[in-house]
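Examination of the molecular architecture
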Amino acid sequence: MKRKSSCGCHGGQSSEVSGLKKIVMVGNPNVGKSALFNRLTGSYVIVSNYPGTTVEVARGKCRIGDEEFTIEDTPGMYSLLPITEEERVSRDILLAGKFDVVLHVIDAKNLKRMLSLTLQFIESGLPVILVLNMIDEADRLGIRIDTTLLEKKLGVPVVSVSALSGEGVDTLKKKIVSRRHSGETPEIHYGKAIDGAIKTLTRIMPTGRGLSQRALALLLIQGDEFITGEARAEGPSIDLLNATLEELEEKPDEPAGYTVPMMLHKRATRICEEAFAPPAAKGKTFANRLGGWTMRPLTGVPILLFVLYFGLYKFVGKFGAGTVVDFLEGGLFGKQINPWINNVLTAYVPWQPIRDLVGMDYGIITLGIRYAIAIILPIVGTFFIAFSIIEDTGYLPRLALLVDRIFKKIGLNGRAVIPMTLGFGCDTMATMVTRTLETKRERIIATLLLALAIPCSAQLGVILSMMAEEPAVMAVWAVFMLGIFLFIGFLTARLMPGDRPNFYMEVPPLRMPRPGAVFMKTYTRMQWYFIEILPLFILASLLIWLGKITGTFDVIVSWLAHVMAWIGLPEEAAVSFLFGFFRRDYGAAGLYDLQQAGTLSGNQLAVAVITLTLFVPCIAQFLIMKKERGLKVAGAMALFIFPFAFAVGGLVNAMLNFTGVQL
């Protein structure tokens, strides 16, 4: 039996208030949706939270021929039956029906695995265009896809593209404008009992939705709570609904939650047998073997240590925080820019407060911009390059599988490795990414650990450069930070109620990083640094200047000096910790100045870097914590972290003094 596919429009609901036609992009994570979105929209992008959630959705505009469209890039999803909050948001966008075209973006190399979702969209009556992305990679592997046959089998347009190179994008635009389906789509049968239940329930499903009544019935019999609630709210049909579901439950041989996805998978497999030609078998490649090694503890841990040593320590800590910082901070700013600024101010500006605002010891240029450009930027830049390379290889999901067992001990799962790893770039950004974790309990634990024990790239780079010639100090710092991370996570997981987290994650193939993708990711993150972070350094300099001229700065430094004495640090370190209130990397840069001046001994350096790493979140991170977790939770975390950091610093100092160790 065959039925007609719905055409590309959804009547009066298809346009936004602006009157523009709308494109919605959907698909699994890690299929290049964002790259295609950027290719279509350029720089005209707005990112905002989906109403009532913390999940971000990107929106942009593009012109195709004579028509202008809005484009919405939805979070990754694996099925119309949602499990995570991201999947619920994507499903809700489709459920609303306010679109003209749905672009289902898939990884061409993994057509068989991702085609089941395409079939769900087609069964739902959506105006689908199937976009086979990364076709250049598929070609290199010897994969062949018959797009003409695939169109005939699915009844929807199919386009092969490479979002990174732009290959096929013009063809995609033509398909979007024409918005014509290719013909009839075969209906999928799920067995006598399920097909009968679908036929009965379809008649009583809500109308006016983006998904067809048949699709809503399919979701209902699979246990979708939202659809079930909507159907029960209809009133007169509730008896028929209950009777149909009860009758279906009495047939244990055909549980809908298992049968429906299995039949979709079988249909996808049959289609791919005709339209998809995999590469000729050549045995297991080195990339396949390496991908397996990264997920086994015996081989995965040494590989992780190798990545950390060469990716973070050597490239970020030594090259970025050493070579590049020495050139910019010691040469460019230290010998040229700062002296020139101070000479100009002394010669032409008679007002000392204005001199202090712009230059001298704590000025916007001589301190704020110097820290941001000469010390922090090289570290952040090299980290972003390293992280983009690691991310593009497909290593992160494998790292998630490697650490899943350990993370479960601290109330998280392997999925949390993503925000934790991102935290080494920027804790503010990583705190936002914790929204991808499934439960509120996991999100709170991850937020606390990010605020307490994960140094951002700028702070980490400065700290690594300070310890570069002090391996014993680095060992003490690493042991304490890892121990505190695990101890606080373990303790929090025991104190907070909740179920043990589940874990599933898409594992893409391990591959060589693509220069174009690495460049785009690094460029986007560097752009974010200049727009979001650089102004904070200028603001911090302004606040320090206000504190100096009002005397507030000196009072706080005087108070902090007593705390510094208690944990064994010189009084000058008080200024660095005060800087840390504004940004932790700002404080790290202050300690860097002290270390370069020879003010800190080995023991004092160990105490300083441990305490500062644990120190209160920077202003930007605290504001995001407040936004994501609420003021009460964010405030409680800050109130815990502040005394805890100094208590640990005092403990380290006491232990070193008691044992007589000199680092």
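See the structure printed just above.
What you see is a predicted model, and the numbers here were worked out from it, not measured in a lab.

**Describing the overall build of the chain**
- Counting its regular elements, the chain contains 28 helices and eleven strands.
- Burial statistics for the chain: of 663 residues in total, 54% are counted as buried.
- Surface accessibility of the chain: about 29,400 Å² in total, with carbon and sulfur atoms responsible for 62%.

**Thoughts on the pairing of strand β6 (residues 101–107)**
- Counting buried positions along β6 gives seven out of seven residues, so the element sits mostly inside the fold.
- Side chains Val-101, Leu-103, Val-105 and Asp-107 of β6 all project onto a buried face; the interleaved residues Val-102, His-104 and Ile-106 project onto the opposite face, where all are buried too.
- Taken together, the four bridges between strand β2 (residues 21–26) and β6 define a ladder with parallel strand orientation. For Val-24, the partnering residue across the bridge sits in β6 and is Val-102.
- Relative to strand β7 (residues 128–133), β6 is paired through six bridges, and the arrangement is parallel. Paired with Leu-103 across the bridge in β7 is Ile-129.
- Taken together, β6, helix α3 (residues 111–123) and β7 constitute a β-α-β crossover, and its handedness is right-handed.

**A closer look at the packing of aromatic side chains**
- Scanning the model with the defined rule gives four aromatic pairs in all.
- Taken together, a centroid distance of 6.3 Å and an interplanar angle of 45° make the contact between Phe-407 and Phe-485 tilted. On the criterion of sequence distance, the pair formed by Phe-407 in helix α16 (residues 395–409) and Phe-485 in helix α21 (residues 471–495) is long-range, its members being 78 residues apart. Here the two residues Phe-407 and Phe-485 agree in accessibility, since each one is buried.
- Centre to centre, the rings of Phe-642 and Phe-646 are 5.3 Å apart; their planes meet at 80°, and the pair counts as edge-to-face. Taken as a pair, Phe-642 and Phe-646 lie in helix α28 (residues 631–659) at a separation of four residues, close to a single helical turn.

**Points about helix α1 (residues 33–41)**
- If you check which residues of α1 are buried, you get Lys-33, Leu-36, Phe-37, Leu-40 and Thr-41. Seen from one end, α1 has its buried residues packed into an arc of 120°, which puts them on one side.
- Gly-42, located one to two residues past α1, shows a positive phi value of around 70°.

**Some details on the nonpolar core**
- In terms of nonpolar packing, the biggest core is built from 100 residues, with Ile-375, Phe-407, Leu-412, Met-420, Met-564 and Leu-614 touching the most fellow members.
- The greatest single-element share of this core, amounting to twelve residues, is contributed by helix α15 (residues 364–393).
- Excluding anything up to four places from it in sequence, Phe-407 contacts Leu-412, Asn-413, Gly-414, Ala-416, Val-417, Met-420 and Phe-485.
- Counting 84 residues, the second-largest nonpolar core is a separate cluster that includes Leu-95, Val-156, Ala-163 and Ile-204.

**Side note on a negative patch on the surface**
- Among the surface-exposed residues, Glu-246, Glu-247, Glu-249 and Glu-250 lie close enough to one another that they form a single negatively charged patch.
- You can see Glu-246 is positioned in helix α10 (residues 238–249).
- What makes Glu-246 partly exposed here is its relative accessible area of 48%.

**Digging into the layout of surface pockets**
- Empty space within the second largest pocket amounts to approximately 1,400 Å³.
- Elements represented by at least two residues in the lining of the second largest pocket include exactly α13 (297–348), α15, α16, α17 (417–423), α20 (457–467) and α21.

**Describing the pairing of β7**
- In terms of burial, β7 is a largely internal element, six of the six residues being buried.
- As paired elements, β7 and strand β9 (residues 158–160) share three bridges and run parallel to each other. Bridge pairing in β9 links Leu-132 to Ser-160.

**A word on unusual backbone geometry**
- One non-glycine residue, Met-134, lies in positive phi territory at about 60°.
- As for its placement among the helices and strands, Met-134 is situated in the loop between β7 and α4 (135–140).
- You can call Met-134 buried: its relative accessible area is 6%.

**Overview of helix α9 (residues 225–232)**
- By the burial criterion, the buried members of α9 are Ile-227, Thr-228 and Ala-231. Buried residues of α9 fall within an arc of 100° about the axis and therefore sit on the same side.
- Looking at the buried side of α9, the elements it contacts are α2 (85–96), α8 (213–221) and α10.

**Describing the environment of Gly-60**
- Its place among the elements puts Gly-60 in strand β4 (residues 56–64).
- Once the C-alpha coordinates of Gly-60 and Phe-37 are considered, the two residues, 23 residues apart in sequence, prove to be 8.2 Å apart.

**With respect to the pattern of salt bridges**
- Within this structure, the stated rule accounts for 13 salt bridges.
- A salt bridge links Arg-59 to Glu-72; the shortest N-O distance between them is 2.6 Å. In this pair, Arg-59 is assigned in strand β4 and Glu-72 in strand β5 (residues 67–73), connecting sequence segments 13 residues apart.
- On the basis of relative accessible area, Arg-59 is assigned to the partly exposed category, the value being 27%.
- Relative accessible area serves as the criterion here: at 6%, Glu-72 is assigned to the buried category.
- Here Glu-274 and Lys-153 are joined by a salt bridge, their closest N and O atoms 3.2 Å apart. In this pair, Glu-274 sits in helix α11 (residues 256–275) while Lys-153 sits in helix α5 (residues 147–154), placing the two residues 121 residues apart along the sequence.
- Salt bridges linked by common partners bring Lys-22, Arg-59 and Glu-72 together as one network.

**Observations concerning the packing of α1 against helix α6 (residues 169–178)**
- Two elements in contact, α1 and α6, have axes separated by 12 Å at closest approach and are oriented at 75°. With respect to α6, the axis of α1 lies roughly perpendicular. Taken together, the residues of α6 that come into contact with α1 (itself represented by Leu-36, Arg-39 and Leu-40) are Val-169, Leu-172 and Lys-173.

**What to know about the packing of α16 against α21**
- Relative orientation of the contacting elements α16 and α21 amounts to 55°, with a least axis distance of 8 Å. Classified by the angle between their axes, α16 and α21 sit oblique to one another. Contact residues: α16 offers Ile-406, Phe-407 and Lys-409, while α21 offers Phe-485, Leu-486, Phe-490, Ala-493 and Arg-494.
- Per-class residue counts for the contact of α16 with α21 are six nonpolar, no polar and two charged.

**Topic: a nonpolar patch on the surface**
- Among the surface-exposed residues, Leu-539, Leu-542, Leu-543, Leu-546 and Ile-549 lie close enough to one another that they form a single nonpolar patch of about 380 Å² accessible area.
- As for its position among the elements, Ile-549 is in helix α22 (residues 515–550).
- With relative accessibility at 47%, the residue Ile-549 sits in the partly exposed group.

Procedures and definitions
- Residues numbered from 1 in each chain as written.
- Predicted model: local features only at pLDDT ≥ 70, side-chain atom pairs only at ≥ 80, totals over all residues.
- Heavy atoms only, no water.
- Helix = DSSP H or I, 4+ residues; strand = E, 2+ residues; numbered from the N terminus.
- Buried < 20%, exposed > 50% of the residue type's maximum accessible area, 1.4 Å probe, protein only.
- Areas by Shrake-Rupley, 256 points an atom, 1.4 Å probe, with all protein chains shown as cover.
- Pairing = 2+ DSSP bridges.
- Right-handed = clockwise from strand over helix to strand, strands pointing away.
- Phe/Tyr/Trp six-rings, centres within 6.5 Å; stacked < 30°, edge-to-face > 60°.
- Arc of directions from axis to C-beta.
- Core = buried A, V, L, I, M, F, W, Y, C linked by side-chain atoms within 4.5 Å.
- Contact = heavy atoms within 4.5 Å.
- Patch = residues over 30% accessible without salt bridge, like charges linked within 9 Å, V, L, I, M, F, W, Y side chains within 5 Å.
- Salt bridge = Lys/Arg side-chain N within 4 Å of Asp/Glu carboxyl O.
- Lys, Arg positive; Asp, Glu negative; His and termini not counted.
- Charge placed at Lys NZ, Arg CZ, Asp CG, Glu CD.
- 1 Å grid on protein atoms, 1.4 Å probe; cavity = no way out; pocket = protein on both sides within 12 Å on 5 of 7 lines; lining within 4 Å.
- Points joined across faces, edges and corners; volume = space filled by probe spheres on them.
- Axes fitted to C-alpha atoms, helices over the stretch in contact; angles between N-to-C directions.
- Parallel < 35°, antiparallel > 145°, perpendicular 65-115°, else oblique.
- Nonpolar A, V, L, I, M, F, W, Y, C, P; charged D, E, K, R; others polar.

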